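In case you want the letters, here they are:
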Amino acid sequence: MAKSIFWSRTDTAGSEQALFTDGDGLAARGTLLAVDPIPFTARYRLTTAPDWSTARVEVEAEGSGWLRRVTLERAASRWRVTTAEQGDLDAALTRAGHPRSGLPGTDDPDRLAEALDVDLSGSPLFNSVPVRRLGLTSGPADMPRRITVAWVLLPGLEVVPAEQIYSGLGPGRVRFASGTFTADIDLDADGYVVRYPGLAERIDPR
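Residues numbered from 1 in each chain as written. Predicted model: local features only at pLDDT ≥ 70, side-chain atom pairs only at ≥ 80, totals over all residues. Heavy atoms only, no water.

Peer 1: Before we go on, may I ask you to explain the layout of surface pockets in this structure?
Peer 2: The gaps left among the atoms become clear once a water-sized probe is rolled over them. Roughly 280 Å³ of volume is contained in the largest pocket. Ser-121, Gly-122, Trp-151, Tyr-196 and Leu-199 are, among the 17 residues lining the largest pocket, the residues nearest its centre. Listed by contribution, the elements that provide at least two residues to the lining of the largest pocket are strand 8 (117-120), strand 10 (159-168) and strand 11 (173-178). Grouping the constituent residues of the lining of the largest pocket by class yields 8 nonpolar, 7 polar and 2 charged. (1 Å grid on protein atoms, 1.4 Å probe; cavity = no way out; pocket = protein on both sides within 12 Å on 5 of 7 lines; lining within 4 Å. Points joined across faces, edges and corners; volume = space filled by probe spheres on them. Helix = DSSP H or I, 4+ residues; strand = E, 2+ residues; numbered from the N terminus. Nonpolar A, V, L, I, M, F, W, Y, C, P; charged D, E, K, R; others polar.)

Peer 1: I would appreciate a short explanation of the pattern of salt bridges in the present structure.
Peer 2: Two side chains that carry opposite charge are able to pair once their charged atoms sit near each other. Overall, the coordinates contain 18 salt bridges when judged by the stated rule. For Asp-110, the salt bridge is made with Arg-78, and the minimal N-O distance between the two is 2.7 Å. Remark: Arg-78 occurs in strand 7 (residues 78-87) and Asp-110 occurs in the loop between helix 1 (89-95) and strand 8; sequence separation between them is 32 residues. Residue Arg-78 is classed as exposed on the basis of its relative accessible area of 53%. Sharing partners across several salt bridges, the network here consists of Arg-43, Glu-60, Glu-62 and Arg-69. (Salt bridge = Lys/Arg side-chain N within 4 Å of Asp/Glu carboxyl O. Buried < 20%, exposed > 50% of the residue type's maximum accessible area, 1.4 Å probe, protein only.)

Peer 1: Even after reading the chapter, I still don't get the side chain of Ser-128, so can you show me in this structure?
Peer 2: Residue placement: Ser-128 occurs in helix 2 (residues 125-133). Ser-128 sits in the buried class, given a relative accessible area of 0%. Once residues lying within four places of it in the same chain are set aside, the contact partners of Ser-128 are Trp-52, Gly-191, Tyr-192 and Val-193. (Contact = heavy atoms within 4.5 Å.)

Peer 1: What exactly am I supposed to notice about unusual backbone geometry here?
Peer 2: Note: most peptide bonds trans; most residues except glycine with negative phi. Cis geometry is adopted by the peptide bond preceding Pro-37, which originates at Asp-36 and carries an omega value of 0 degrees. Mapped onto the elements of the fold, Pro-37 is located in the loop between strand 3 (27-34) and strand 4 (40-48). The step from Leu-154 to Pro-155 runs through a cis peptide bond, and the omega angle for that step is 5 degrees. With respect to the helices, strands and loops of the structure, Pro-155 is situated in the loop between strand 9 (145-152) and strand 10. A positive phi angle is found at Ser-77, which is not glycine, with a value near 65 degrees. Mapped onto the secondary structure, Ser-77 falls in the loop between strand 6 (66-75) and strand 7. In the Ramachandran plot, Leu-157 falls in the positive-phi region, its phi being about 65 degrees despite a non-glycine side chain. Topologically, Leu-157 is positioned in the loop between strand 9 and strand 10.

Next comes the structure, spelled out in structure tokens:
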């Protein structure tokens, strides 16, 4: 039976629900809702290999008058990225006083060659993948682990390489850093986010 986790966003009005199985790697599907920079819904499917390296991610983002899709699939140490678009996201952003979005996907998938993980912006679930892959769910404080991820930006679904650092801080906590941003993330015993300061908090049934 699939497990379910629900998070409430703390950086904006929004939420995420993920349904997943994790007996032999991770197979997950989920839905994110957010109002910034404009209201949108994003639906994703995520599949990892047994070692928790990401094998495939599909994301569809939709708002008033627009819809975008991106698929990332890793095989033979290379990423294949495909996209589709309907409507005009840039027009919706401009009307709301925000800058135009980048194009969905990437024009050079080879820039992602070093990435073993995909990070979907605003999604706590995607932080658990490198945590599990690097073995940071338990044990004493660990040395910082520097990784490259394929970062999928919402709502436009532009895909860019990004450097991130994960450091185990002892059981149930890791430090995440990217650029000048740092957060100490609380995890449950299986490595799933309980509290991500400045992003989201897990909401359990009463």
